[in-house]
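Results of the structural survey
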Amino acid sequence: MDGGIRDIVVEMYRHGLVLFGEFKLTSGRISPYYIDLRKLPSYPSLYRRVMELVLDSLKEIEYDVVAGVETAGLIHASYLSCLTGKPMAYIRKKPKQHGTQSLVEGVVEGKRVLLVDDVATTGGTLEHGVKALRQCGGVVSHAYVIVNRCEGARQRLASYGVELRWLLSVTDIVSELKAMGLLDYKAIESLERYFREVGVEC
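Parameters at a glance
Residues numbered from 1 in each chain as written. Predicted model: local features only at pLDDT ≥ 70, side-chain atom pairs only at ≥ 80, totals over all residues. Heavy atoms only, no water. Pairing = 2+ DSSP bridges. Helix = DSSP H or I, 4+ residues; strand = E, 2+ residues; numbered from the N terminus. Buried < 20%, exposed > 50% of the residue type's maximum accessible area, 1.4 Å probe, protein only. Polar contact = N/O pair within 3.5 Å; in protein donor to acceptor, adjacent residues only side chain to side chain. Phe/Tyr/Trp six-rings, centres within 6.5 Å; stacked < 30°, edge-to-face > 60°. Lys NZ or Arg CZ within 6 Å of the ring centre and 35° of its normal. Disulfide = S-S within 2.5 Å.

**Let's talk about the pairing of strand β2 (residues 30-35)**
Sheet analysis places strand β1 (residues 18-24) next to β2, joined by 5 bridges and oriented antiparallel. Each residue of the ladder has a partner; that of Phe23, found in β2, is Ser31. Where β1 folds back on β2, the antiparallel hairpin that results is connected by 5 residues, among which Gly28 adopts a positive phi of roughly 100°.

The structure is reproduced here in structure tokens:
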């Protein structure tokens, strides 16, 4: 693992952005770990380094608009929009109940849209974003997350012709924390069992 990425993983862990225990996910599944990237902007120096790495990994992708998924993806899309100077849009969970009753806010029709979120698990939220953007005339061929939990999101999006990319996978994170001696035997055992049961595939 690159030294800069390694430092980011350790710092994320020390700031409590990577947690171990028992957590209920949006899907209802019980997980022995949780990635809490909503706290990331509370650490500006770390956040900037993360987003600069994200931006560097996006160099070969051509896009006109950055779109974030409500709510966690909004701030990352905003940051990328500011760094690149590209327009931003966002996708609501549900259509607005007044005014234009829009599901997508921003101009995406006929534009190549990069869909952004914080964490991908099964890909349901990203699928919602892809469908919403395409209904509004957006052209979506790539989605990007900071962390991929590798529980089917890549395969799910591929069925829509969308390539999912990510900065870190859960296996990257766990491997590095294990190598640093930051995980105890119980945590490692729980993680390995969960990965087998869920069929984690990055």
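**Quick word on the side chain of Ser169**
Along the chain, Ser169 turns up in strand β8 (residues 163-169). Relative accessible area serves as the criterion here: at 3%, Ser169 is assigned to the buried category. A polar contact is formed between the side chain of Ser169 and the side chain of Thr171, at a distance of 2.8 Å.

**Things to note about the environment of Ser175**
Inspection of the secondary structure puts Ser175 in helix α6 (residues 170-179). Engagement of the side chain of Ser175 in a polar contact is seen with the backbone oxygen of Thr171, the distance being 2.8 Å.

**Details of the packing of aromatic side chains**
Scanning the model with the defined rule gives 6 aromatic pairs in all. Measuring from centroid to centroid gives 4.7 Å for Tyr47 and Tyr79, while their planes differ by 85°, and the two rings are edge-to-face. With Tyr47 in helix α2 (residues 44-57) and Tyr79 in helix α3 (residues 72-84), the pair connects residues that are 32 residues apart, well separated along the chain. On the accessibility criterion, Tyr47 (4% relative accessible area) is buried. Of note, Lys86 hangs over the ring of Tyr63, and the distance from its end group to the ring centre comes to 5.0 Å.

**Considering the state of the cysteines**
Using the criterion set out here, one finds 1 disulfide in the structure. Through a disulfide, Cys150 is tied to Cys202; the S-S separation comes to 1.9 Å. Across the S-S bond of Cys150 and Cys202 the torsion is about 105°, and the bridge reads as right-handed. Here Cys150, found in the loop between β7 (139-148) and α5 (153-158), pairs with Cys202, found in the segment after α7 (185-198); they are 52 residues apart in sequence, far enough to count as distant. When its relative accessible area of 38% is taken as the criterion, Cys202 is described as partly exposed.

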